[in-house]
Amino acid sequence: MSVIYSGEARCPVCGAPTFRYVQLLYETPYFGNVLIESGYCSTCGYRLFDVDYAETGRPTRVLFKPRDGLDVAKSFIVRSKTGTIYSPDLGFTLEPGSHGEPFITTVEGFLYKVIDYAERLKVLEPESAGQVDKFIQTVQRKIDEGGFTLVVEDPLGKSIIIPFREDTVTVEQLDVT
């Protein structure tokens with residue numbers, strides 16, 4: 001880890017010269033060098049924390065086709081804040097949004113997160129509860145059985161699936177657009 005900048009500056013919220021700001025360059029597994037920014041204003045209490053990529057890779061598409069529940073339980077997803085995950089077979093897409101959440105989890109753990117999102121949708125849209133219940137049942141069955149396709153696309157090439165069995169994953173390098 002190396003310090004890029006450390007010092008005090010004017011607070012972007014209250015304007016007081018008591019904003020302590022630090023930028024660090026940090027080497028991480030899977031994501032490479034990241035820039036960590038942290039700041040705190042002792043006058044108004046404003047806090048800043050952000051992590052951004054210091055380097056990018058080539059756009060990638062990762063296709064994962066688990067054969068069974070063992071592939072689902074023992075394979076990992078590393079998703080950067082720019083990665084999109086979708087399944088044409090199961091019928092869902094998780095977009096990164098303006099502040100995408102990076103995570104590392106098993107494919108099984110990710111699918112349980114998808115189920116959790118679907119449960120929330122039932123509360124927000126009770127008229128579609130029957131469709132959502134059917135979707136949840138399908139995802140739960142596929143957690144045990146495999147037999148679906150999961151796709152991870154990342155324009156910065158930072159997201160990947162680490163498979164339990166190598167032959168269940170294909171990585172494609174995409175053209176830069």
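On a predicted model such as this, the values are computed, not experimentally measured, just so you know.

Engineer: Could you clarify how one ought to interpret the overall build of the protein chain in this entry?
Structural biologist: Tallying secondary structure elements over the protein chain gives three helices and twelve strands in all. For 177 residues, the compact-globule formula gives about 16 Å, and the C-alpha radius of gyration of the protein chain, at 20 Å, lies well above that figure. The principal-axis extents of the C-alpha atoms in the protein chain amount to approximately 60 × 40 × 30 Å. Restricting to contacts in the protein chain with at least 6 residues of sequence separation, those with at least 24 account for 60%. When the accessible surface of the protein chain is split by element, carbon and sulfur atoms take 53% of a total near 10000 Å². Distance from the positive charge centre (18 side chains) to the negative charge centre (25 side chains) of the protein chain: 2 Å.

Engineer: Honestly, the pattern of salt bridges in this entry has me stumped. Any pointers?
Structural biologist: Pairing of side chains with opposite charge becomes possible as their charged atoms draw close. Taken as a whole and assessed by the stated rule, the structure comprises eleven salt bridges. In this structure, the salt-bridge partner of Arg 61 is Glu 172, at a minimum N-O distance of 2.9 Å. With Arg 61 in strand β5 (residues 60–64) and Glu 172 in strand β12 (residues 169–173), the pair connects residues that are 111 residues apart, well separated along the chain. Look at Glu 172 and you get partly exposed, because its relative accessible area is 28%. Residues Asp 116 and Arg 120 are paired through a salt bridge, measuring 2.7 Å at the closest nitrogen-oxygen approach. Of the two residues, Asp 116 and Arg 120 are both situated in helix α2 (residues 107–124); the distance of four residues between them amounts to about one turn of the helix. Judged by its relative accessible area of 34%, Asp 116 is partly exposed. Look at the salt bridges and you will find they share partners, linking Asp 50, Asp 52 and Lys 81 into a network.

Engineer: For this particular structure, what's the right way to read the packing of aromatic side chains?
Structural biologist: Counted according to the given criterion, the structure contains six aromatic pairs. With centroids separated by 6.0 Å and ring planes inclined at 45°, the aromatic side chains of Phe 92 and Phe 110 adopt a geometry described as tilted. With Phe 92 in strand β8 (residues 92–94) and Phe 110 in helix α2, the pair connects residues that are 18 residues apart, well separated along the chain. Across this residue pair, the class does not change: Phe 92 and Phe 110 are buried. When the ring of Phe 103 is compared with that of Phe 110, the centres are 6.0 Å apart and the planes differ by 20°; the resulting orientation is stacked.

Engineer: Quick question: what am I supposed to make of the sheet that holds strand β2 (residues 19–28) here?
Structural biologist: Strands in a sheet are paired, the pairing made by backbone hydrogen bonds, and the direction either parallel or antiparallel. Here four strands make up an open sheet; going across it, the order is β1-β2-β3-β4 and the pairing antiparallel. Strands with a single pairing partner mark the edges of an open sheet, and in this sheet they are β1 (2–9) and β4 (47–53). Between one strand and the next, the sheet's axes are offset by a mean angle of 15°, whatever the strand orientation. Judged from the seven bridges that link them, β1 and β2 form a sheet pairing that is antiparallel. Bridge pairing in β2 links Ser 2 to Leu 25.

Engineer: Can you help me understand α2 in this one?
Structural biologist: Because each turn of an α-helix spans 3.6 residues, side chains separated by three or four positions in sequence point in the same direction. The end-to-end C-alpha distance of α2 is 26 Å, a good match for the 26 Å that 18 residues give at a rise of 1.5 Å each. Buried within α2 we find Val 107, Phe 110, Leu 111, Val 114, Ile 115 and Ala 118. Buried residues along α2 cover an arc of 150° about the axis, so they all sit on one side. Looking at α2, the residues exposed on the side facing more than 90 degrees away from the buried face are Val 123 and Leu 124.

Engineer: How should I be thinking about the sheet that holds strand β6 (residues 76–79) in this particular structure?
Structural biologist: Across the sheet, which stays open at both edges, the three strands sit in the order β9-β6-β11 with antiparallel pairing between neighbours. Edge positions in the sheet fall to β9 (103–106) and β11 (160–162), since each of these pairs with one other strand and no more. The average angle at which neighbouring strand axes cross in this sheet is 15°, direction not considered. As judged from the four bridges shared by β6 and β9, these two strands associate in the antiparallel manner. Within β9, the residue paired with Arg 79 across the bridge is Phe 103. Contacts from α2 reach β6 and β9, with the element oriented near 105° to β9.

How each quantity is defined
- Residues numbered from 1 in each chain as written.
- Predicted model: local features only at pLDDT ≥ 70, side-chain atom pairs only at ≥ 80, totals over all residues.
- Heavy atoms only, no water.
- Helix = DSSP H or I, 4+ residues; strand = E, 2+ residues; numbered from the N terminus.
- Rg over C-alpha atoms; globule rule 2.2 N^0.38 Å.
- Contact = heavy atoms within 4.5 Å.
- Areas by Shrake-Rupley, 256 points an atom, 1.4 Å probe, with all protein chains shown as cover.
- Lys, Arg positive; Asp, Glu negative; His and termini not counted.
- Charge placed at Lys NZ, Arg CZ, Asp CG, Glu CD.
- Salt bridge = Lys/Arg side-chain N within 4 Å of Asp/Glu carboxyl O.
- Buried < 20%, exposed > 50% of the residue type's maximum accessible area, 1.4 Å probe, protein only.
- Phe/Tyr/Trp six-rings, centres within 6.5 Å; stacked < 30°, edge-to-face > 60°.
- Pairing = 2+ DSSP bridges.
- Axes fitted to C-alpha atoms, helices over the stretch in contact; angles between N-to-C directions.
- Expected span 1.5 Å × (residues − 1).
- Arc of directions from axis to C-beta.

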